[in-house]
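Observations on chain architecture
Chain by chain, the residues run as shown.
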Amino acid sequence: MKELIINVKAKTDFSCGAGFDYVSDDAIYPLTKYIELSNAVGYVLVDVINNTNAPLKVKGYIENSIVFDSGYVGDDNRQLALDDFNTNNNYPLETITYSPVGTTNIYSFYKNVTANQVLKLECYAPLSVIEDSPNGFEIFIHCPDPNI
Amino acid sequence: MKPLIISVRAKQRIALNRATVSFLRSVDATKSINIGYSNGTGQQLAAGTILYTLGVVNTLDYIRVVTTTLTTLQGTGTFNVSISTLPNSSQANQSISYNIDGTTGIIDFTYNSAPITDDVLVETDNRTNYVFSSADFLNSITDPDGDTISEVAIFVDVTGIQFDGSPYILGTWIALSDLDQGKLVYIPLDQDAEYQHNAQYKARDINGNESLE
């Protein structure tokens, strides 16, 4: 018999060494991005700048295993609003870790295989930005680096 | 003197019905068929009687027609023969003649070729279902007789393959018309790394001939 071969490609949105901006007002919950991490081994850093007063949670997965979870980070004055959202949607309650607007929070994990893995990044920002809060979120994914 | 009368009666000859048998080209095969007759007058047809032979058994183009059972050809009935042959890859239809008790019988041989398949390669993205169409297969199948390809079947590893919303059962024949209705779907694994799913398949033409390899 002859072969029936189904080639399944790893579809990605972009490669490491790049980032994206995200505005919570038009947020898909969660916004998901797939990032190609190259064959390199080393620490992968994810920079997250929250320029808004809306809390943001970022979760990273490789092959369906979680590699980091920031939890909600941002203006903890929005805790009640977040509780309402989670309650109304039957999600578990989560506490916002306070972080001033404009702070760069860095999350990391170690990529220990040479395969060209894909990082699945989920961004949760369910609350609207209040009034004059500037811009949105800036997220940058560095390539694996063994020397950090 | 008295007359010496010799009465010569018109003895009826046995009549043998024309028979037809079909074979796949390039395939060594034996088939059993019943051949009808009439006007039998009690002739004995012993089992193992070779009615026709051509070439050396089991070599290309040989044909051998042998009776299978002892049959008394009385009145109207049938007798059974076993026909073995190995047609070449381009064998044209032909007829052979044999003889029983002075009567010639004819067997028509018709030949067909199995569809010829080649590897099928399709691509999809992870987390994106792949919906097969008939073109996915037809681009890799030819039929030497120009017969329409009617069905395909999948073997070896059918994990993730669904037919009409249910898990596909290995080896089930699928009409090409069903493929064009989007009934055959591959659901990739929910993983981020690229991979290859390997299965195997067969094709069948409208004459029921299956691809051989």
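Conventions adopted
Residues numbered from 1 in each chain as written. Chains lettered and ligands numbered in written order. Predicted model: local features only at pLDDT ≥ 70, side-chain atom pairs only at ≥ 80, totals over all residues. Heavy atoms only, no water. Contact = heavy atoms within 4.5 Å. Buried area = accessible area lost by both parts, 1.4 Å probe. Salt bridge = Lys/Arg side-chain N within 4 Å of Asp/Glu carboxyl O. Helix = DSSP H or I, 4+ residues; strand = E, 2+ residues; numbered from the N terminus. Pairing = 2+ DSSP bridges. Buried < 20%, exposed > 50% of the residue type's maximum accessible area, 1.4 Å probe, protein only. Arc of directions from axis to C-beta. Axes fitted to C-alpha atoms, helices over the stretch in contact; angles between N-to-C directions. Phe/Tyr/Trp six-rings, centres within 6.5 Å; stacked < 30°, edge-to-face > 60°. Lys NZ or Arg CZ within 6 Å of the ring centre and 35° of its normal. Disulfide = S-S within 2.5 Å.

At the junction of the two partners, chain A supplies 18 residues and chain B supplies 31 residues. Taken over both partners, the interface formed by chain A and chain B buries close to 2,700 Å², and the fraction arising from carbon and sulfur atoms is 52%. Of all residues in chain A, A:Met1, A:Lys2 and A:Leu4 bury the most surface against chain B, accounting for 31% of the area lost on that side. Where chain A packs against chain B, one counts 1 salt bridge. Where B:Glu123 meets A:Lys9, a salt bridge forms, and the shortest distance between an N and an O atom there is 3.6 Å. For the side of chain A that touches chain B, the elements supplying multiple residues, two or more each, are strand S1 (2-9), strand S6 (57-62) and strand S11 (118-124) of chain A. Looking at the side of chain A that touches chain B, the element that brings in the most residues is S1(A), giving 8 residues.

By the element assignment, B:Gly208 lies in the segment after strand S18 (195-205). In this structure, the C-alpha to C-alpha distance between B:Gly208 and B:Ser150, residues 58 residues apart in sequence, is 8.5 Å.

Bringing the pairing of strand S7 (residues 65-69) of chain A into the picture now. All names here are of chain A. Note: S6 against S7, 4 bridges, orientation antiparallel. Bridge pairing links Lys 59 to Asp 69 in S7. If you look at the hairpin formed by S6 and S7, you'll find 2 residues sitting between the two strands, and Glu 63 has a positive phi there, around 50°.

Let us now look at the environment of B:Val56. Residues and elements named next belong to chain B. For Val 56, the location among the structural elements is in the loop between strand S4 (50-54) and strand S5 (63-67). Given the relative accessible area of 56%, Val 56 is considered exposed. Taking the C-alpha atoms as reference points, Val 56 and Thr 85, separated by 29 residues in sequence, lie 10.0 Å from one another.

Residues and elements named next belong to chain B. Here 4 strands make up an open sheet; going across it, the order is S11-S17-S14-S15 and the pairing antiparallel. Where the open sheet ends on each side, the last strands, each with one partner, are strand S11 (130-131) and strand S15 (166-167). Of the pairings in the sheet, the one linking S11 to strand S17 (residues 184-186) comprises 2 bridges and is antiparallel in character. Bridge assignment links Tyr 130 to a residue of S17, and that residue is Tyr 186.

A few words now on helix H1 (residues 79-88) of chain A. Residues and elements named next belong to chain A. Taken residue by residue, H1 has Gln 79, Leu 82, Asp 83, Phe 85 and Asn 86 as its buried positions. For H1, the angular spread of the buried residues around the axis is 160°, confining them to a single face. For H1, the exposed residues lying more than 90 degrees away from the buried face are Leu 80 and Asn 88. Immediately downstream of H1, the backbone of Asn 90 shows phi near 60°, a positive value.

Right, let's talk about the sheet that holds strand S5 (residues 42-50) of chain A for a bit. Residues and elements named next belong to chain A. Pairing is antiparallel in the open sheet, where 4 strands are placed in the order S3-S12-S5-S10. The sheet is open, and its two edges are formed by strand S3 (18-22) and strand S10 (104-111), each paired on a single side. Here the strands of the sheet are splayed against their neighbours by 15° on average, with no regard to which way each runs. Bridge count between S5 and S10: 8 bridges; the pairing is antiparallel. Note that in S10 the partner of Gly 42 across the bridge is Lys 111.

Moving on, we come to the packing of aromatic side chains. Ring pairs (aromatic) are described by centroid distance and by the angle formed between their planes. This model, assessed by the stated rule, comprises 12 aromatic pairs over all chains. Relative to B:Phe79, the ring of B:Tyr37 has its centre 6.3 Å away and its plane inclined at 35°; by these criteria the two rings are tilted. Note that B:Tyr37 is positioned in strand S3 (residues 29-45) and B:Phe79 in strand S6 (residues 71-85), a separation of 42 residues in sequence. Owing to a relative accessible area of 5%, B:Tyr37 belongs among the buried residues under this scheme. Each residue in the set B:Tyr130, B:Phe132, B:Phe137 and B:Tyr201 is aromatic and connected to the rest through ring pairs, giving one cluster. Geometry around A:Tyr124 places A:Lys57 over its ring, the cationic atom sitting 4.6 Å from the centre. Here the basic side chain of B:Arg204 rests over the ring of B:Trp173, its NZ or CZ set 4.1 Å away from the ring centre.

By definition, a disulfide links the sulfur atoms of two cysteine residues through a covalent bond. Residues and elements named next belong to chain A. Applying the stated criterion across every chain, the model contains 1 disulfide over all chains. The disulfide bridge from Cys 16 ends at Cys 143, spanning 2.1 Å between sulfur atoms. Judged by the sign of its S-S torsion, about 95°, the cystine formed by Cys 16 and Cys 143 is right-handed. With Cys 16 in the loop between strand S2 (14-15) and S3 and Cys 143 in the segment after strand S12 (137-141), this pair connects stretches of sequence that are 127 residues apart.

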